[in-house]
Amino acid sequence: MQASVHTFDLGTGAGSVLLDTGRLLPFDPVVFAASGLRHLRPGQRVSVDVTPEDPEAPGAHLTRLWIVGIGEGEAIR
């Protein structure tokens, strides 16, 4: 699924994304560190994995954040 970066703190690596449904989901520094990315900017489109699968479920949170074509194992299509 895709989302837009809503906030990002380079100092901590934490931030939040806005899903296309309008739901705001925070992400932990661990998620950003695992992405292999160096920086994010508000408005930037990213791909995300959410647990549980239903992003509208209470307690939903990001487990993976990436940009297609950037990072290990991400071929440009």
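Residues numbered from 1 in each chain as written. Predicted model: local features only at pLDDT ≥ 70, side-chain atom pairs only at ≥ 80, totals over all residues. Heavy atoms only, no water.

What about the packing of aromatic side chains?
Summed over all chains, the structure comprises two aromatic pairs. An angle of 20° between the planes, with centres 6.5 Å apart, marks the rings of F8 and F27 as stacked. Of the two residues, F8 sits in strand β1 (residues 2-9) while F27 sits in strand β3 (residues 24-27), which places them 19 residues apart along the sequence. Judged on exposure class, the residue F8 and its partner F27 are both buried. Taken together through their ring pairs, the aromatic side chains of F8, F27 and F32 make up a single cluster. Seen from the ring of W66, R64 lies directly overhead, with NZ or CZ sitting 3.8 Å from the centre. (Phe/Tyr/Trp six-rings, centres within 6.5 Å; stacked < 30°, edge-to-face > 60°. Helix = DSSP H or I, 4+ residues; strand = E, 2+ residues; numbered from the N terminus. Buried < 20%, exposed > 50% of the residue type's maximum accessible area, 1.4 Å probe, protein only. Lys NZ or Arg CZ within 6 Å of the ring centre and 35° of its normal.)

A short note on the pairing of strand β4 (residues 45-51)
Sheet topology places β1 next to β4; three bridges connect them, and they run antiparallel. Within β4, the position partnered with Q2 by the bridge is S47. Pairing between β4 and strand β5 (residues 61-66): five bridges, direction antiparallel. From the neighbouring strand, V48 faces β5, where its bridge partner is L65. (Pairing = 2+ DSSP bridges.)

With respect to the side chain of Q44
Following the sequence through the fold, Q44 ends up in the loop between α1 (29-35) and β4. For Q44, a relative accessible area of 17% puts it in the buried group. When residues no more than four places from it in sequence are discounted, the contact partners of Q44 are A3, S4, V5, H39 and I67. (Contact = heavy atoms within 4.5 Å.)

Some points on the nonpolar core
Counting residues in hydrophobic clusters, the biggest one holds 18 residues, and the most contacted among them are V17, F27, L40, V46, V48 and L65. Among the elements of the structure, β1, β2 (14-19), β3, α1, β4 and β5 are those that each provide at least two residues to this core. Apart from residues lying up to four places away in sequence, V48 is in contact with M1, A3, L19, L62, R64, L65 and W66. (Core = buried A, V, L, I, M, F, W, Y, C linked by side-chain atoms within 4.5 Å.)

Shape is all these values report; function is a separate question.
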